[in-house]
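One-letter residues, chain by chain:
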Amino acid sequence: MITPVIMAGGSGSRLWPLSRSLYPKQFLALTGENTMLQETLCRLSALDVSAPLVICNEEHRFIVAEQLRSIDKTGSIILEPVGRNTAPAIALAAEVTLNDHDPLLLVLAADHVIQDTVAFTQAVNNAVPLAQAGKLVTFGIVPTQAHTGYGYIKRGHAVSDSTGFDVYAFEEKPNSSVAAEYVESGKYYWNSGMFLIKASRYLQELEKYCPEISAACKKALENTTTDNDFIRLDAEVFKLCPDESIDYAVMEHTTDAVVVPLDAGWNDIGAWSALWEVNDKDEHGNTIYGDSILQDTTNSLIHGGERLVTTIGLDNVVIVDTKDALLVASKDKVQDVKQIVEKLKVEQRSEYKIQREVYRPWGKYDSIDNGKRYQVKRITVNPGEKLSIQMHHHRAEHWIVVSGTAKVTNGDNTFLVTENESTYIPIGVVHALENPGKMPLEMIEVQSGSYLGEDDIVRFEDRYGRT
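Let me sum up the structure you'll find in this document. All figures in this text were calculated on a predicted structure; none of them were measured in a lab. (Residues numbered from 1 in each chain as written. Predicted model: local features only at pLDDT ≥ 70, side-chain atom pairs only at ≥ 80, totals over all residues. Heavy atoms only, no water.)

**Comments concerning the packing of aromatic side chains**
- Counted according to the given criterion, the structure contains nine aromatic pairs.
- Look at Tyr23 and Tyr359: their rings are 4.8 Å apart centre to centre, the planes differ by 20°, and that puts the pair in the stacked class. Of the two residues, Tyr23 is situated in the loop between strand S1 (2–7) and helix H1 (36–42) and Tyr359 in strand S20 (residues 357–360); the sequence distance between them amounts to 336 residues.
- Judged by its relative accessible area of 15%, Tyr23 falls in the buried class.
- Assessed through its relative accessible area of 37%, Tyr359 is described here as partly exposed.
- Among the aromatic residues, those joined into a cluster by ring pairs are Tyr23, Phe27 and Tyr359.
- Positioned over the ring face of Trp276 is Lys281, at 4.7 Å from the centre of the ring. (Phe/Tyr/Trp six-rings, centres within 6.5 Å; stacked < 30°, edge-to-face > 60°. Helix = DSSP H or I, 4+ residues; strand = E, 2+ residues; numbered from the N terminus. Buried < 20%, exposed > 50% of the residue type's maximum accessible area, 1.4 Å probe, protein only. Lys NZ or Arg CZ within 6 Å of the ring centre and 35° of its normal.)

Put into structure tokens, the structure is as follows:
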């Protein structure tokens, strides 16, 4: 049995402003209708796999659950209170699944593009006998260029009766001349960060080479709590776990590392230029999203939002327009976007963390206007969902229903508010909002008061386990 283990952590700063720390790239639809997480799961359809095990940050839990539910790929979700890299994450997955017939763990990143699903499936099938025999298999990407942004794997001798090779060495990201030598030799692969490993074998090797991680993960799982599909760790214990990648902790030390070549149109979408490379282009070499009019513009990526984007006389640029931020950059300089994100963090600006449109387990809201003592939001509540029973100390709220039906609790009263009707929630009154219907509830909320922050919420009851 193969259990897919999907690594869905990470902040995705390299695709800012579309990707933010609270809604990073793995949850975005960048190459089609499905998000990158959903595409990762869908490409497993030709393999004999069990329900997936997704590992993500605590703050992303509802996004993951909803995206799995919407494509009918539900499974368990391990919530990391803090990120501790891939070695601990895979250890958690191995421990959780060990009693389930000791499966093969197919470890995949949630934010990779693989264009040739047939070749991917074949590579995994090629790796299965090796993993069953106790080898720790990593997938090496057949390089298409002398890329300096990836680590490399040097292959050793061929493993008999298979398409795999012993791993001779893991190499750090090289400079351009060294990368050219690697590619010219034909003996090196890009390090994809994807693995096929038997759960018990990984734990054995981890115990041998990095017992601190092994012990910390076991202890963090001793006092787990579960609700719905979520598995919550002992946060204080897990925070003490070493922060190590699987390469440093295990793969560079074990004598059983094997690399299986993968030539399947792989890309980790590590920058806006990479997204331009993998997507369709017009006759002028432009990749275009959204409403755009281009004149004398070539070899560019234009990612529009709700506004019309127009360009004149540009070449080799990236333009990304969102509701609250605009990026204009040379395509050759997009790796430096992370420096902008760091400046936003230092200045404590919200644009690095959240978009104007924020997703919640019950739906979403969009802060469409604000001032010193007011804020206007467009709220969407999904059918059958309910916001927490709550109260605010510093603001009152006016709710206007645009479409659908709202079930409103306002103090001691509960009543329905329908299209073109409104209601008023005074400061300090306990209230709740629910969509009892079968279509989305669309509302306009006008907040007024001395403080309008999201932390001015006292929750008394919440079906999603928030406090």
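Picking up where we left off.
**Quick look at the packing of helix H6 (residues 199–209) against helix H7 (residues 211–220)**
- The N-to-C vectors of H6 and H7 enclose an angle of 120°; their axes lie 5 Å apart at closest approach. The pairing of H6 with H7 is recorded here as oblique in orientation. Between H6 and H7, the residues in contact are Leu206, Glu207, Lys208 and Tyr209 and Pro211, Ile213, Ser214 and Lys218, respectively. (Axes fitted to C-alpha atoms, helices over the stretch in contact; angles between N-to-C directions. Parallel < 35°, antiparallel > 145°, perpendicular 65-115°, else oblique. Contact = heavy atoms within 4.5 Å.)

**Structural notes on the sheet that holds strand S22 (residues 374–381)**
- Taken in spatial order, the six strands make up an open sheet running S20-S21-S22-S29-S24-S27, and their pairing is antiparallel. In the strand order of this sheet, the two ends are held by S20 and strand S27 (422–425), each with one partner. This sheet shows a mean twist of 20° between the axes of neighbouring strands, independent of strand direction.
- With eight bridges joining them, strand S24 (residues 395–403) and strand S29 (residues 441–449) adopt antiparallel strand pairing. By the bridge assignment, His398 is partnered in S29 with Val446. (Pairing = 2+ DSSP bridges.)

**Structural notes on the sheet that holds strand S14 (residues 287–289)**
- Read across the sheet, four strands follow the order S14-S16-S18-S19 without closing on themselves; strand pairing throughout is mixed. Edge positions in the sheet fall to S14 and strand S19 (326–330), since each of these pairs with one other strand and no more. For this sheet the average axis-to-axis angle between neighbouring strands, irrespective of direction, equals 5°.
- Alignment of strand S18 (residues 317–321) against S19, held across five bridges, turns out to be antiparallel. Counted as the bridge partner of Ile319 is Val328 from S19.

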